Amino acid sequence: MEKMKLGIIGLGNMGSGHIHNVVSGLVPEVEVTAVCDIDGDKLAAAQKQLPGAAAYTDAEKLMAHAGVDAVLIATPHYLHPVYAIEAFKHGLHVLTEKPAGVYTKAVREMNEAAESSGRVFGIMYNQRTNPVYQKLRELMQSGELGELQRTNWIITNWYRSQAYYNSGGWRATWSGEGGGVLLNQDPHQLDLWQWTCGMPVRVRAFMKFGFHRDIEVENDVTAYVEYENGATGLFVTSTHEAPGTNRFEVSCDMGRLVIENSRLTFDRNRIPEPAFNAKLVPGGPETWHCEIPTAPAPNGHAEILKNFAGAVLRGEKLLAPGVEGIRGLTLSNAMHLSAWTDRTIDIATLDEDLFYDLLQEHIRDSKFVKTVSASGNSGAV
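In this text the structure is predicted, and so the values were computed from the model without any measurement.

Topic: the overall build of the protein chain
A tally of helices and strands in the protein chain yields 13 helices and 17 strands. Taken over the C-alpha trace, the protein chain has a radius of gyration of 22 Å; the compact-globule value for 381 residues is 21 Å, and the two agree within 12%. Taking the principal axes of its C-alpha atoms as reference, the protein chain extends roughly 75 × 50 × 40 Å. Relative to all contacts within the protein chain whose residues are 6 or more apart in sequence, the contacts with residues 24 or more apart total 69%. The averaged location of the 45 negative side-chain charges in the protein chain is 3 Å from the averaged location of its 34 positive side-chain charges.

Here it is in structure tokens:
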């Protein structure tokens, strides 16, 4: 079997998890032949799992000398575009962890480098492999549900205690992570929201920073959005509530779909709501409650890596193209900008320069003033 030679940059929880999936045989077309981290203990642990794999403390040296076909970037957020662009310069295929980056200006540059390189570029949106979201997307794109009327995602089951935040000085800081719940916990949900229902056209967001926690960044968000057809939506998220909720509702002319507890249900109108309304009769449309069958969720990380290898080796279509990572990040950046400026933000004309400037102000005030630089050493953002 032909295999894709992969280098993994960053050996924290995600990087080590990808190694586990490969050595467990879940991704048979991938061979990890090189690893990189500035932590010698992490390198040594990876080499025990991967006898013969080359070890580097400098990512650029791995790209230049390891002889890999592709790299998987599992570093701190700020470095995702930096290393991706460098990898494209070396003619390598790239799979990056989420989020695509911290600010859209850098991600746009990364996307341009990817498109001009001709290399395969993917992002680890593993939740796109979940059958419940795939079915929701299929139904929305089929047109059989009619017009979108409302979306409502409450995801407050990201509980994080103060002990979690205290476990690393970079956690929940502007200079260390670049954001809070939106950038750390919610990139998958922001992606799935737009992947299934489309991008809204404007957003007004309200945030609390360090709410009930000694942190710098947002950990409580309520965002109201509007879609091009006049539909509205709400995205509510936090890391301080216990117990939390994870419920995604999508209302259309033909009824309401709900994803909760890994199940997809459909309260189906017997006739579309606009058609019932045109009858000028009292009451509401007859509704049927339907349980929509879906397969169990797979190991999404392994499935995305398998799909990426298939794209590199055989030209298979990517389930999660890397260039699409800018969409969820645009929503996140727009929400931050709305909260920072106390105004509604038009998504299509998001002021990337203003967002970047305000982010830099937060970074300058951050209590954690160092992060990992492109060379793998400690340095300013």
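A few points about the pattern of salt bridges
If charged atoms from side chains of opposite charge come close, those side chains can pair. Tallied over the entire structure, the rule returns 17 salt bridges. For Glu324, the salt bridge identified is with Arg128, shortest N-O distance 2.8 Å. Here Arg128 lies in the loop between β6 (121-123) and α6 (131-142) and Glu324 lies in the loop between α11 (300-314) and α12 (325-341), a separation of 196 residues in the sequence. When its relative accessible area of 17% is taken as the criterion, Glu324 is described as buried.

Here's the deal with the sheet that holds strand β8 (residues 202-209)
Taken in spatial order, the 9 strands make up an open sheet running β14-β13-β12-β11-β7-β10-β9-β8-β15, and their pairing is mixed. Unpaired on one side and paired on the other, β14 (287-292) and β15 (345-346) mark the two borders of the sheet. Taken together, the 7 bridges between strand β9 (residues 218-226) and strand β10 (residues 232-238) define a ladder with antiparallel strand orientation. Its bridge partner being in β10, Ala223 is matched across the sheet by Phe235.

Topic: the pairing of β8
As judged from the 8 bridges shared by β8 and β9, these two strands associate in the antiparallel manner. Each residue of the ladder has a partner; that of Val203, found in β9, is Val225. Sheet topology places β8 next to β15; 2 bridges connect them, and they run antiparallel. Paired with Arg202 across the bridge in β15 is Asp346.

Some remarks on helix α9 (residues 187-197)
Most of α9 is tucked away, with 11 of its 11 residues classed as buried. Inspection of α9 places Pro187, His188, Gln189, Leu190, Asp191, Leu192, Trp193, Gln194, Trp195, Thr196 and Cys197 among the buried residues, and these make up the whole buried set. Where α9 terminates, the next one or two residues include Gly198, which has phi positive at roughly 90°.

A word on the packing of helix α5 (residues 104-117) against helix α13 (residues 352-364)
It is the contact of α5 with α13, at a shortest axis distance of 9 Å, that shows an interaxial angle of 125°. Judged by the inter-axis angle, α5 sits oblique to α13. Of α13, the residues touching α5 (which contributes Thr104, Lys105 and Arg108) are Glu352, Asp353 and Tyr356. Tallied by class, the residues present in the contact of α5 with α13 amount to 1 nonpolar, 1 polar and 4 charged.

Cut-off values and rules
Residues numbered from 1 in each chain as written. Predicted model: local features only at pLDDT ≥ 70, side-chain atom pairs only at ≥ 80, totals over all residues. Heavy atoms only, no water. Helix = DSSP H or I, 4+ residues; strand = E, 2+ residues; numbered from the N terminus. Rg over C-alpha atoms; globule rule 2.2 N^0.38 Å. Contact = heavy atoms within 4.5 Å. Lys, Arg positive; Asp, Glu negative; His and termini not counted. Charge placed at Lys NZ, Arg CZ, Asp CG, Glu CD. Salt bridge = Lys/Arg side-chain N within 4 Å of Asp/Glu carboxyl O. Buried < 20%, exposed > 50% of the residue type's maximum accessible area, 1.4 Å probe, protein only. Pairing = 2+ DSSP bridges. Axes fitted to C-alpha atoms, helices over the stretch in contact; angles between N-to-C directions. Parallel < 35°, antiparallel > 145°, perpendicular 65-115°, else oblique. Nonpolar A, V, L, I, M, F, W, Y, C, P; charged D, E, K, R; others polar.

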